[in-house]
Amino acid sequence: MLSFASRFLARNLNLVVGAGFLFALLLGVFSTVGGMLHDEHVESAEHEFHLKPREAGLQSAGLFGTFDNQQLQRGFQVYKEVCSACHSLRLVSFRDLAALGYDEGQIKTIANDWQIEQPSVNPETGEAATRKNLPSDRFPLVFANDVAARAANNNAVPPDLSLMTKARDDGPDYVYSLLTGYSAQPAELLRKFPQAKTPEGLHFNRYFSTLNLAMAPPLTGTDQVQYQDGTRATVDQMAKDVAAFLTWTAEPNLQKRHTWGVAAVIFLLIFTGLAFGAYRNIWRGMKH
């Protein structure tokens, strides 16, 4: 014959399980809060000297942001002549450049003249080969694999830039700030955190989370790129332009999304007004 405890557990199993779960949850909360209260705050160079991104002031920013095709073309030129030596755009096709205002002939020329060719196979020998890029191809990878990338970049793997502005907080502002944020380490930092001196082979940048990164300053001076539209290619201008271009690669439908969003808000406002008018008309003269 079952004991009283056994019968109680059989009849109230859900209650017992729930009570146990609640106890474990409260125990975890109390231990976490207690640890936070007792842990001493340890100051670090990263915590004190890391800066939030500065606003780039791009036309695409904000609820009504749009793309400036001329700026996007300048940004693509910066990517092509500066960034493409290390960073891939594996999610972007050459034919996508039509959205920037390039015509079919220009896109064919860009694809054909791209410095890295598409991997292929020799149909006669079956051996690995390469071929010229086509407009339908995606931008080819800069490095065949991470091993090759590390070997060429001081043991660091340059990230793909296709979605960079979506992968970072305040993405466009982050890209702009990082590219213009290289400097010598402040004397105050070295005085307060002498062990935080930038290691050999790394570069100090207050907009990078660890303050030091393997990428050397890619934008080194005015007129590093000769813009075809005559814009003066200062470091600040090139950083803004490539940030705008990478905003487009990460979100090419941004303008459409903003347009549909505004249309949806207008529709909801009109619908709300009509619904309120119908309500007043139907219930006119009746007490509420």
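Residues numbered from 1 in each chain as written. Predicted model: local features only at pLDDT ≥ 70, side-chain atom pairs only at ≥ 80, totals over all residues. Heavy atoms only, no water.

### Here we look at the nonpolar core
Nonpolar side chains in soluble globular proteins tend to be buried together.
(1) Moving on: By size, the foremost hydrophobic cluster in this structure holds 42 residues, and its most contacted members are Phe76, Tyr79 and Leu97.
(2) Moving on: Only helix H4 (69-81), helix H5 (104-113), helix H8 (171-180) and helix H10 (235-250) provide two or more residues apiece to this core.
(3) Moving on: If sequence neighbours within four positions are ignored, Phe76 has contacts with Leu97, Leu100, Tyr102, Ile110, Trp114, Phe139 and Phe245. (Core = buried A, V, L, I, M, F, W, Y, C linked by side-chain atoms within 4.5 Å. Buried < 20%, exposed > 50% of the residue type's maximum accessible area, 1.4 Å probe, protein only. Helix = DSSP H or I, 4+ residues; strand = E, 2+ residues; numbered from the N terminus. Contact = heavy atoms within 4.5 Å.)

### Topic: the packing of H4 against H10
(1) Moving on: Close contact between H4 and H10 brings their axes to 7 Å; oriented N to C, the two are set at 100°. One way to sum up the angle between H4 and H10 is to call them roughly perpendicular. In this structure, H4 uses Gln71, Leu72, Arg74, Gly75, Phe76, Val78 and Tyr79 to contact H10, whose residues at the interface are Gln237, Met238, Lys240, Asp241, Val242, Ala244, Phe245 and Trp248.
(2) Moving on: Taken together, the residues that form the contact of H4 with H10 break down as nine nonpolar, three polar and three charged. (Axes fitted to C-alpha atoms, helices over the stretch in contact; angles between N-to-C directions. Parallel < 35°, antiparallel > 145°, perpendicular 65-115°, else oblique. Nonpolar A, V, L, I, M, F, W, Y, C, P; charged D, E, K, R; others polar.)

### Focus: the pairing of strand E1 (residues 118-121)
(1) Moving on: Two elements, E1 and strand E2 (residues 128-131), share four bridges in a ladder whose sense is antiparallel. Following the sheet pairing, Pro119 is matched in E2 by Thr130.
(2) Moving on: What sits between the antiparallel neighbours E1 and E2 is a turn of six residues, in which Gly126 has the positive phi angle 80°. (Pairing = 2+ DSSP bridges.)

### Examining unusual backbone geometry
(1) Moving on: Positive phi, normally seen in glycine, also occurs at Asp170, with a value near 50°.
(2) Moving on: Tracing the backbone through its elements, the reader meets Asp170 in the loop between helix H7 (164-167) and H8.
(3) Moving on: Despite not being glycine, Leu211 shows a phi value in the positive range, around 75°.
(4) Moving on: As for its position among the elements, Leu211 is in the loop between strand E3 (203-204) and strand E4 (212-213).
(5) Moving on: Given the relative accessible area of 3%, Leu211 is considered buried.

### Overview of the side chain of Thr247
(1) Moving on: As for its position among the elements, Thr247 is in helix H10.
(2) Moving on: Once you skip the residues sitting within four places of it in the chain, Thr247 turns out to touch Leu58, Ser60, Phe67, Thr165 and Pro172.

### Section: the layout of surface pockets
(1) Moving on: Roughly 650 Å³ of internal volume is contained in the largest pocket.
(2) Moving on: His87, Pro158, Pro159, Leu213 and Met215 are, among the 25 residues lining the largest pocket, the residues nearest its centre.
(3) Moving on: Of all the secondary structure elements, the ones that give two or more residues to the lining of the largest pocket are H8 and H10.
(4) Moving on: Tallying contributions element by element places H8 first for the lining of the largest pocket, with four residues.
(5) Moving on: Looking at the lining of the largest pocket residue by residue, the classes come out as 22 nonpolar, two polar and one charged. (1 Å grid on protein atoms, 1.4 Å probe; cavity = no way out; pocket = protein on both sides within 12 Å on 5 of 7 lines; lining within 4 Å. Points joined across faces, edges and corners; volume = space filled by probe spheres on them.)

### Some remarks on H10
(1) Moving on: Here H10 spans 22 Å end to end across 16 residues, near enough to the 22 Å set by a 1.5 Å rise per residue.
(2) Moving on: Counting buried positions over the 16 residues of H10 gives twelve, a clear majority of the element.
(3) Moving on: For H10, the set of buried residues is Met238, Ala239, Asp241, Val242, Ala243, Ala244, Phe245, Leu246, Thr247, Trp248, Thr249 and Ala250.
(4) Moving on: Looking at the buried side of H10, the elements it contacts are H4, H7 and H8. (Expected span 1.5 Å × (residues − 1).)

### Description of the environment of Glu127
(1) Moving on: Along the chain, Glu127 falls in the loop between E1 and E2.
(2) Moving on: Classification of Glu127 as exposed rests on a relative accessible area of 52%.
(3) Moving on: Leaving out residues up to four positions away in the same chain, Glu127 has contacts with Ser120, Val121 and Asn122.

### Quick notes on the packing of aromatic side chains
(1) Moving on: The tally for this structure, following the rule as stated, stands at 13 aromatic pairs.
(2) Moving on: Plain terms: the ring middles of Phe76 and Trp114 are 6.2 Å apart, the flat faces sit at 15° to each other, and that makes the pair stacked. Taken together, the residues span a long stretch of sequence, with Phe76 in helix H4 and Trp114 in the loop between H5 and E1 at a distance of 38 residues.
(3) Moving on: Each ring, one from Phe94 and one from Trp114, has its centre 5.8 Å from the other, and the planes form 75°; the classification is edge-to-face. (Phe/Tyr/Trp six-rings, centres within 6.5 Å; stacked < 30°, edge-to-face > 60°.)

By themselves these figures say nothing about function.
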